[in-house]
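Spelled out, the chains give:
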Amino acid sequence: MRETDEKAGSVSDPVAAPPLTEDEVSAVRSGYAFDAPGVELGALVNGDAMPDVPIRIPLAMVNRHGLVAGATGTGKTKTLQLLAEQLSNAGVPVFAADIKGDLSGIASPGASSPALLERASSIGQHWAAAGSPTEYFTLGGLGTGIPIRATVRGFGPLLLSKVLGLNPTQESSLGLVFHYAEGAGVPLNDLADLRDVLKHLISERGKAELTDLGGLSRATTAVILRELVGFSDQGADVFFGEPAIDVHAFLRTAPDGVRGMVSLLEVPSVQDKPELFSTFLMWLLRELYAALPEVGDIDKPELVFFFDEAHLLFAGASQDFLQVVTQTVRLIRSKGVGIFFVTQTPKDVPGDVLAQLGSRVQHQLRTHTPDDARALKATVSTYPVSGYDLGQVLQSLPIGEAIVTVMNEQGAPSPVAWTRLRVPQSSMAPTPQELRAASVAASPLLAEFGTQVSSGSAREVLAKRSPADIADSKPRPVEKAAPPTAKKRERPARRGRGLAGRLIEKLFGSTR
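**Re the overall build of the protein**
Of the regular secondary structure elements, the protein holds 21 helices and 12 strands. Within the span of the protein, comprising 512 residues, buried residues form 52% of the whole. Partitioning the intrachain contacts of the protein with sequence separation of at least 6 by distance along the chain shows that 76% fall at a separation of at least 24. With an accessible surface of roughly 22800 Å², the protein has 53% of that area assigned to carbon and sulfur atoms.

Right, dumping it as structure tokens:
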């Protein structure tokens, strides 16, 4: 009992013996010592902060992805801000969602104070106020920023089915609608286009165009239409349309040609539209994957993508969708894109995704409920063996401190380090609204993406279609399967791929 009390005291009592021995401190020091450029996180805490033992992530390893986790109010957003401004200074573009509206302070120089300078000095940080070059974006123009839009066709049936909460049968029917529209040359730019095509295909005239493919059930179509109405009522109409955003807009450097541009997506009403928000970010990752070339291992990432409120992406997701997310995280690293998931506990992220996250910054966890206690135990089990009693430490971490392990230059986990994090050089408070509005008005992207346009609607195209047009563009049925004997031999391989495998191939091409 005495040993337990002493161990607990070593965490909470500042005059107690430091948790790490001299040999363990030396192991941490050597584990984070490297000559290549890195992202500075802070300094080791072993009783007191140790400015001579810096904790950092090799810049070349940032595209091995990461996790920032912790209870509400423990400093996750400021950690995100710290990482983003350092990546920008290293010439790496950053994309992040500003969920609570306070990340916009990254654009403005921070305000000095005696407490701030004292904290910075305690970890050997030479603090100087500085803002980062920032571009503001919004979903469809709801808020202050460059509007981000996607066409319904570009969004695709898989992600749209996830947003609408469709079952497999309804998802298959929606895929048939997209197949028809592509073959018939009917635009699917906004939700109105999709509704018009759905109504057309269950009309007497439209039914004839799908006879070779089995047609659409009126009941299934009615469900999809009802879900689209509810989706539109949430304000989703503004997100779909033209011009669709060019993802290369997020890969720019600042006018100084040195720093990476920080792209902030304003989503203050995300709690009202969690499916749209999370699925939009998944769509954006897919678009980045399609647009970027293979680069392999490089000195620094092409882009780092912060996925805040990550639990929204995974809540209620089907196994097929989770498999697509996992595949995206695994494959996009080769395109030079790093992804950091920001959430409350690691259990918010599926195990297959969590296994691919090379860097971990874990803020304080609270254990007010049995579920919290289980989450704490699960979190501790995911860390390498260390000299800490992590079950105690993770409940006692002050704001602005975290347990860190990263992937070193050899691709191995670094030692677990209790870290006092650096102070962001940018403002802790949001950038004033008038300054954000002025930045948007001066943006070179505003002329290209600021005003919604229309290149024609599905209703107009369908109304003009003649019988000859219908005959020429009539979708062809899928080719007949091989003879029974061949089919029987091939069946195990087809079953092994499953629906998720076919969806992944649809998104990314064959991975064989």
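**A short note on the environment of Gln-395**
Among the structural elements, Gln-395 can be located in helix H16 (residues 390-396). Look at Gln-395 and you get partly exposed, because its relative accessible area is 33%. Not counting the four nearest positions on each side in its chain, Gln-395 is found in contact with Gln-364, Leu-365, Thr-367 and Leu-376. There is a polar contact of 2.9 Å between the side chain of Gln-395 and the side chain of Thr-367.

**As for helix H15 (residues 370-381)**
Over its 12 residues, H15 runs 17 Å from end to end, which matches the ideal 16 Å to within 8%, given 1.5 Å per residue. Those residues of H15 that sit buried are Ala-375, Leu-376 and Thr-379. Along the axis of H15, the buried residues cluster in a sector spanning 100°; they form a single face. The exposed set on the far side of H15, more than 90 degrees from its buried face, consists of Pro-370, Arg-374, Lys-377 and Ser-381. The inward-facing, buried residues of H15 abut strand S10 (359-362) and H16.

**Some points on the pattern of salt bridges**
Within the structure shown, the criterion is met by 12 salt bridges. With a closest N to O distance of 3.6 Å, Glu-204 and Lys-207 form a salt bridge. Residue Glu-204 and its partner Lys-207 are located together in helix H9 (residues 204-207), separated by three residues, close to a single helical turn. For Asp-371, the salt bridge is made with Arg-374, and the minimal N-O distance between the two is 2.2 Å. With a gap of three residues between them, Asp-371 and Arg-374 both fall in helix H15, about one helical turn apart. Judged by its relative accessible area of 47%, Asp-371 is partly exposed. Residues joined by salt bridges that share partners form a network here, namely Arg-64, Asp-297 and Arg-333.

**Considering the sheet that holds strand S9 (residues 337-343)**
One open sheet holds the 12 strands; their spatial order is S2-S1-S12-S11-S10-S3-S9-S8-S4-S7-S5-S6, and the pairing between them is mixed. Strand pairing shows two members of the sheet lacking a second neighbour, strand S2 (48-58) and strand S6 (146-148), which therefore form its edges. Adjacent strand axes in the sheet meet at a mean angle of 30° when their direction is disregarded. Of the strands in this sheet, strand S5 (134-139), S6 and strand S7 (262-266) touch helix H17 (residues 433-441), which is tilted by about 90° from S5.

**Overview of helix H3 (residues 76-89)**
Over its 14 residues, H3 runs 20 Å from end to end, which matches the ideal 20 Å to within 8%, given 1.5 Å per residue. With 12 of 14 residues buried, H3 is to be regarded as a mostly interior element. Along H3, the residues that are buried comprise Lys-76, Thr-77, Thr-79, Leu-80, Gln-81, Leu-82, Leu-83, Ala-84, Glu-85, Gln-86, Leu-87 and Ser-88. Positive backbone phi, approximately 85°, marks Gly-91, located one or two places after H3.

**Let's talk about the packing of helix H6 (residues 157-164) against helix H10 (residues 218-233)**
The contact between H6 and H10 brings their axes to 10 Å, and the two run at 75°. By the angle between their directions, the pair H6 and H10 is classed as roughly perpendicular. Residue-level contacts link Leu-160, Val-163 and Leu-164 of H6 to Glu-227, Leu-228 and Phe-231 of H10. Of the residues assigned to the contact of H6 with H10, the class counts are five nonpolar, no polar and one charged.

**Here's the deal with the side chain of Asn-63**
Within the fold, Asn-63 resides in the loop between S2 and strand S3 (66-69). Classification of Asn-63 by relative accessible area gives buried; the value is 1%. Within the structure, Asn-63 has its side chain in polar contact with the side chain of Arg-64 (distance 3.3 Å). Asn-63 has contacts with Gly-296, Pro-301, Arg-333, Gly-336, Val-337 and Gly-338, leaving out every residue within four places of it along the chain.

**Quick notes on the nonpolar core**
Buried together is how nonpolar side chains tend to be arranged in soluble globular proteins. Core analysis: the largest hydrophobic core is formed by 132 residues, its most contacted members being Leu-44, Leu-160, Leu-194, Phe-239, Phe-280, Phe-306 and Phe-341. Here this core gets 10 residues from one element, more than from any other, and that element is helix H11 (residues 274-291). Discounting residues that sit within four places of it in the chain, Phe-280 has contacts with Phe-95, Leu-139, Ile-148, Phe-155, Phe-239 and Leu-265.

Each value, and the rule that gives it
- Residues numbered from 1 in each chain as written.
- Predicted model: local features only at pLDDT ≥ 70, side-chain atom pairs only at ≥ 80, totals over all residues.
- Heavy atoms only, no water.
- Helix = DSSP H or I, 4+ residues; strand = E, 2+ residues; numbered from the N terminus.
- Buried < 20%, exposed > 50% of the residue type's maximum accessible area, 1.4 Å probe, protein only.
- Contact = heavy atoms within 4.5 Å.
- Areas by Shrake-Rupley, 256 points an atom, 1.4 Å probe, with all protein chains shown as cover.
- Polar contact = N/O pair within 3.5 Å; in protein donor to acceptor, adjacent residues only side chain to side chain.
- Expected span 1.5 Å × (residues − 1).
- Arc of directions from axis to C-beta.
- Salt bridge = Lys/Arg side-chain N within 4 Å of Asp/Glu carboxyl O.
- Pairing = 2+ DSSP bridges.
- Axes fitted to C-alpha atoms, helices over the stretch in contact; angles between N-to-C directions.
- Parallel < 35°, antiparallel > 145°, perpendicular 65-115°, else oblique.
- Nonpolar A, V, L, I, M, F, W, Y, C, P; charged D, E, K, R; others polar.
- Core = buried A, V, L, I, M, F, W, Y, C linked by side-chain atoms within 4.5 Å.

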